[in-house]
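Examination of the molecular architecture
Each chain, written out:
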Amino acid sequence: MTVLRLILGDQLNPHHRWFDQVDGAVVYTLMEVRQETDYVLHHAQKILAIFAAMRDFARHLRAAGHRVDYLAIDDPANRQALPANLDLLRDRHGATAFEYQAPDEWRLDRQLADYARHLGPSARMVDTDHFLSARDTAAALFQGRRRWLMEHFYRHMRRVHGVLLEPDGGPVGGQWNFDHDNRKPWPGLPAEPDDSRPRHDHGVLWRAITAAGVGSFGDPMADRLPWPLNRAEALAQLDAFLAQGLRHFGDYQDAMSIRGWRLFHSLLSFALNTKMLSPAEVVARVEEEWRRGVAPLPAVEGFIRQILGWREYVRGVYWAHMPGYDDRNALGHDLPLPSWFWTGQVGMRCLAHAVGQSLRHAYAHHIQRLMVIGNFALLAGLDPAAVHRWYLGVYIDAFEWVELPNTLGMSQFADGGLMATKPYVSGAAYIDRMGDYCRGCRYDRKARVGPRACPFNALYWDFLDRHAAALSANPRLALPYRQLARMDPADRKALRDQAADTRRRLETI
Ligand SMILES: Cc1cc2nc3c(=O)[nH]c(=O)nc-3n(C[C@H](O)[C@H](O)[C@H](O)COP(=O)(O)OP(=O)(O)OC[C@H]3O[C@@H](n4cnc5c(N)ncnc54)[C@H](O)[C@@H]3O)c2cc1C
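Analysis parameters
Residues numbered from 1 in each chain as written. Predicted model: local features only at pLDDT ≥ 70, side-chain atom pairs only at ≥ 80, totals over all residues. Heavy atoms only, no water. Pairing = 2+ DSSP bridges. Helix = DSSP H or I, 4+ residues; strand = E, 2+ residues; numbered from the N terminus. Axes fitted to C-alpha atoms, helices over the stretch in contact; angles between N-to-C directions. Contact = heavy atoms within 4.5 Å. Salt bridge = Lys/Arg side-chain N within 4 Å of Asp/Glu carboxyl O. Buried < 20%, exposed > 50% of the residue type's maximum accessible area, 1.4 Å probe, protein only.

Per an unreviewed UniProt entry, the protein is named Deoxyribodipyrimidine photolyase-related protein, and its organism is Nitrospirillum amazonense.

Before going further, it helps to spend a moment on the sheet that holds strand β1 (residues 2-6). One open sheet accounts for five strands, arranged β4-β2-β1-β5-β6; its pairing is parallel. Of all strands in the sheet, those bounded by a partner on one side alone are β4 (67-71) and β6 (123-126). Each neighbouring strand pair of the sheet contributes to a mean axis angle of 25°, computed without reference to strand direction. Sheet strands in contact with helix α2 (residues 44-63) are β2 (26-31) and β4, and its direction is about 160° off that of β4.

So, about the pattern of salt bridges. All told, the structure shown has 36 salt bridges when counted by the stated rule. Residues arginine 117 and aspartate 114 are paired through a salt bridge, measuring 2.9 Å at the closest nitrogen-oxygen approach. You can see arginine 117 and its partner aspartate 114 sitting in helix α4 (residues 106-119), three residues apart, about one turn around the helix. Classification of arginine 117 by relative accessible area gives exposed; the value is 55%.

As a further point, take unusual backbone geometry. Omega for the bond connecting leucine 189 with proline 190 falls within 30 degrees of zero, at -5°, which places this linkage in the cis form. Along the chain, proline 190 falls in the loop between α6 (150-161) and α7 (203-211). Cis geometry is found at the peptide bond from methionine 322 to proline 323, where omega equals 0°. Mapped onto the fold, proline 323 is located in the loop between α11 (297-321) and α12 (349-361). With a phi close to 65°, glutamine 80 is a non-glycine residue in the positive phi region. Relative to the helices and strands, glutamine 80 resides in the loop between β4 and α3 (82-93).

Here you go:
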C-alpha cells in the first residue's frame, strides 16, 4: 500500500509529525501550479520565494530519506491544477491512500475536501501542527455575544498558553496591554537594523516561471532574493530580530519614515505563514528576552500581542465568516484602483513611499498598510474587493486567511465593523505626527482646500459626511461628528467639492 501525501507551498514545516519517521510506503508531493500562481496577479518575489522554498523543502526531505515526487512549473507532465495532478500522481505511484494537511484558505479547503470526498475513506486530512488555536476557537469564545473583541480573545490566549503571566494567573507588569507606550514617532535614532538576510540567486527558477507564462508585477530581485529559503534561515532572521529589533519594537511600532522601510519590524511574517517557524516558538523566544532582562515589557508584550492575539484572531474571523466574507462591501464603495498602485508614481509622498516600497520589497509594515495605503483607499471609496486583490497579490506574506480580514475588515470596514470597532481613518495630521512623510511633500498637510491641500484632509471629512447614516451613532466617532456638525455649512460644502474633485482625478494626484 502506498500513501500519497500532499504538501502545499505554505506548509513547509519540517517538524510536522509526518516527518518523524521515514516510511518507504509514503510518497510526498509538492507542486508548482498555475492554479496557485494565477488566482490573483502576484508580486514576482512572492511566486519566486514560495517556489524556491518549496524546492529547498523537497531537497531537505530527500536528504532525510523520504520519497518525494516534485512537479516543477515547467514539467511537461504538470497539469497545473491540484486535483488533476493528484490523479496523475496517484496513478504513477499506485497510491491506495491520500493524505493532506488542513489548508489555511477556504478556496483550497473546499477543493481538497471535494477531492477527498470522491476518494472515500482512503483519503484523510490531518492538522498542520502550527496554530495556537483551532479554526473555531474564537467563534466558540464569542458565541452568544453581540461583539467580538480582539483584546478579550488575546487575554484568553495568554491564559490558555501561560504567556507573560504571574504565578497567580495575572498579567506580568500588572496590565495586559501596553499599547499606550507604543506610539512614538522615530527620530532617526536608534538606527534601523541592518538587513543581514542572505541573498539567493534564483535566476534559473525565475526564467522557468516567466517561460511558463506566469504573469506578475513588482521587482523580482531574482539574483538577490532576500526571503528565507528554509527554517535555518528563518531562525537566523528571528535571532537577528531578537538582537537588534525587539527592544525598540514597542516604541516605534506605529512609526513611519521616509528614511526606513522596515524600522524595527521583524520581517518574520513570510517565515511564519509558510510555517518555517511556529508561532509558539517565536512567542517563547520573545518572552524569554524579557525574562532575561534584555527587552522591555512594553516591546515584548506588544510583539506577542501581534502573534498570539491578532494573528490567531484574524484566522478565527476568517473561518467564522467564509465563504461570503470576501463579497462584503458595507459602505458601497466602487471606485477602481488608480494605476499608481502598480507603479508607485503618485504625488503624495506618503503613498509614493509606501506603495513604492511594496513594489520593491513585496513588504510594507503594518502602519503603512493600514494608515497610509488602506486609509487612502477607504477615504477615497475604492472598491474593497479590488483593494483586497491588490493586497493579496503584492505582499510576500499575503495568504487569504490573514490578508482578507485585515484588508477587507480592519482596513476597509467593508464587513460593517466585525473586525474593527471603528474605521481606521485619519487626515494628514496623524500621518504627520507619526513620521516624516509630510516634510518635503508637494501637498500642504495643514490645508483642507485648494490645489496644494493634502488630499487626506478633505477626503477624511467628506468620508464622515457621506457615511453619516452608517457611522455617526458610533460612540468612538462622536468627537469628529461633533466637529463636523459645528462646521460652517460653506466650509463643509467646500470640503465636499474638494473631495469630489480629488476622487474624480485619482490618477493624477
Ligand atoms: C491592510 C492590511 C493587510 C495585511 N495583510 C497581511 C497579510 O497578508 N499577511 C500577514 O501575515 N499579515 C498581514 N497584515 C498584518 C501585518 O501588517 C503584517 O503581518 C506585518 O506587517 C508583517 O510584517 P512583520 O513580519 O515585519 O511584522 P511585525 O510588525 O514584526 O509583527 C510580528 C508578527 O505579528 C503578526 N501580525 C502583526 N499584525 C498582524 C495582524 N494584523 N494580523 C495578523 N498577524 C499580524 C505577523 O505574523 C508578524 O510577522 C496586514 C495588515 C493590514 C493592515
